[in-house]
Amino acid sequence: SELTPPAMVVQRRDARPFWRLGSSGSSGTILEVVAPHGVVLGRPSGSSLPFYSGGATVADSAPQPIGQVELPVNITDRDCTWALEPPPQEQVLECKVDTASVRALRIDVAQEL
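Residues numbered from 1 in each chain as written. Predicted model: local features only at pLDDT ≥ 70, side-chain atom pairs only at ≥ 80, totals over all residues. Heavy atoms only, no water.

**Q** It is not clear to me how the sheet that holds strand 3 (residues 39–41) should be interpreted in this structure. Could you clarify?
**A** Two modes of strand pairing occur in sheets, parallel and antiparallel, and in both the strands are linked by backbone hydrogen bonds. Spatial ordering of the open sheet is given by 3-4-5, a layout of 3 strands whose pairing is antiparallel. Looking at the sheet topology across the chains shown, the edges are occupied by strand 3 and strand 5 (67–75). Averaged over all adjacent pairs, the angle separating strand axes in this sheet is 30°, with direction ignored. Here 5 bridges tie strand 4 (residues 46–53) to strand 5, and the two strands are oriented antiparallel to one another. (Pairing = 2+ DSSP bridges. Helix = DSSP H or I, 4+ residues; strand = E, 2+ residues; numbered from the N terminus. Axes fitted to C-alpha atoms, helices over the stretch in contact; angles between N-to-C directions.)

**Q** Help me understand the side chain of S48, please; the structure alone is not making it clear to me.
**A** Along the polypeptide, S48 turns up in strand 4. Residues contacting S48, with those up to four places away along its chain left out, are Q68, V69, E70 and L71. (Contact = heavy atoms within 4.5 Å.)

**Q** Quick question: what am I supposed to make of the environment of A83 here?
**A** For A83, the position within the fold is in the loop between strand 6 (80–82) and strand 7 (90–96). In this structure, the C-alpha to C-alpha distance between A83 and E32, residues 51 residues apart in sequence, is 8.8 Å. Residue contacts for A83: discarding those within four places in its chain leaves V92 and E94.

**Q** Just to check I follow, could you spell out the sheet that holds strand 7 for this structure?
**A** The strand order across the open sheet formed by 4 strands is 1-2-7-6, and the pairing between neighbours is antiparallel. Looking at strand neighbours, the two that pair on one side only are strand 1 (18–23) and strand 6, the edges of this open sheet. Pairs of neighbouring strands in the sheet enclose a mean axial angle of 30°, with direction left out of account. As defined by bridge partners, strand 6 adjoins strand 7 across 3 bridges and the pair is classed as antiparallel. Within strand 7, the position partnered with C80 by the bridge is C95.

Everything listed is a geometric property; what it means functionally is a separate question.
Laid out in structure tokens, this is it:
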């Protein structure tokens, strides 16, 4: 039997980084910040994380961010690590979140007639 390669994810040219909640088993709840191809994430500072164009490098004296991701909680650089196996064409920053900061919300969906 032939192995089917995984589907390739195609992103819009103007795709922006975003955050999502995840879980890391023993580490508990994590906040994942996903950056599409061509975007470089900076260092988190409180509840924001700057991002840069793919042409910016650490060697640049002072690269200017092209935007920032607003995060739902405060995080620090020491709380974060890069995902070991990010999806192709993305980079994923995983940040530990205090479990007390995460609440389950009930969402009621209204029935349409």
